[in-house]
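Chain and residue survey
Residues per chain, in single letters:
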Amino acid sequence: MLINLGRLLMLCVWGFLLTNLFHPFPKPLKYFIDVALFFMVVMHGLQLVLLKSTQPKDQPISKWQETKIFIFGVFELLDWQKKQPPINKK
């Protein structure tokens, strides 16, 4: 329930940030939103790259899952982590 609320919040944030590209806000706010969008893309991309580099080669991540992780960030990772089977430690 809370993960879905987080996903909805993340979609709203993406929408707000991308709106600035098509209908720019007034000058001081425009630059702040541009920096925030750049930061969001870099951080979500970094999150995806780090996840892919730690995944075993025999358990690849689908392109759809990668896209969802890039868009929703930590909320998708939390949901994805809950669905993973537990690791058996010897």
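What counts and what doesn't
Residues numbered from 1 in each chain as written. Predicted model: local features only at pLDDT ≥ 70, side-chain atom pairs only at ≥ 80, totals over all residues. Heavy atoms only, no water. Helix = DSSP H or I, 4+ residues; strand = E, 2+ residues; numbered from the N terminus. Axes fitted to C-alpha atoms, helices over the stretch in contact; angles between N-to-C directions. Parallel < 35°, antiparallel > 145°, perpendicular 65-115°, else oblique. Left-handed = near helix turned anticlockwise from the far one by under 90°. Contact = heavy atoms within 4.5 Å. Nonpolar A, V, L, I, M, F, W, Y, C, P; charged D, E, K, R; others polar.

Named according to an unreviewed UniProt entry, the protein chain is DUF1145 family protein originating from Serratia odorifera DSM 4582.

Along the chain, G6 turns up in helix α1 (residues 2–22). Each C-alpha atom, one on G6 and one on F72, is 8.1 Å from the other, the two residues being 66 residues apart in sequence.

Before going further, it helps to examine the packing of α1 against helix α2 (residues 27–54). Interaxial distance between α1 and α2 falls to 9 Å at its minimum, and their mutual angle equals 130°. As the angle between them shows, α1 and α2 are arranged oblique. As α1 packs across α2, the resulting crossing turns out to be left-handed. Of the residues in α2, those in contact with M10, V13, W14, F16, L17, L18, N20 and L21 of α1 are K30, I33, D34, A36, L37, M40, V41 and H44. Grouping the constituent residues of the contact of α1 with α2 by class yields 12 nonpolar, two polar and two charged.

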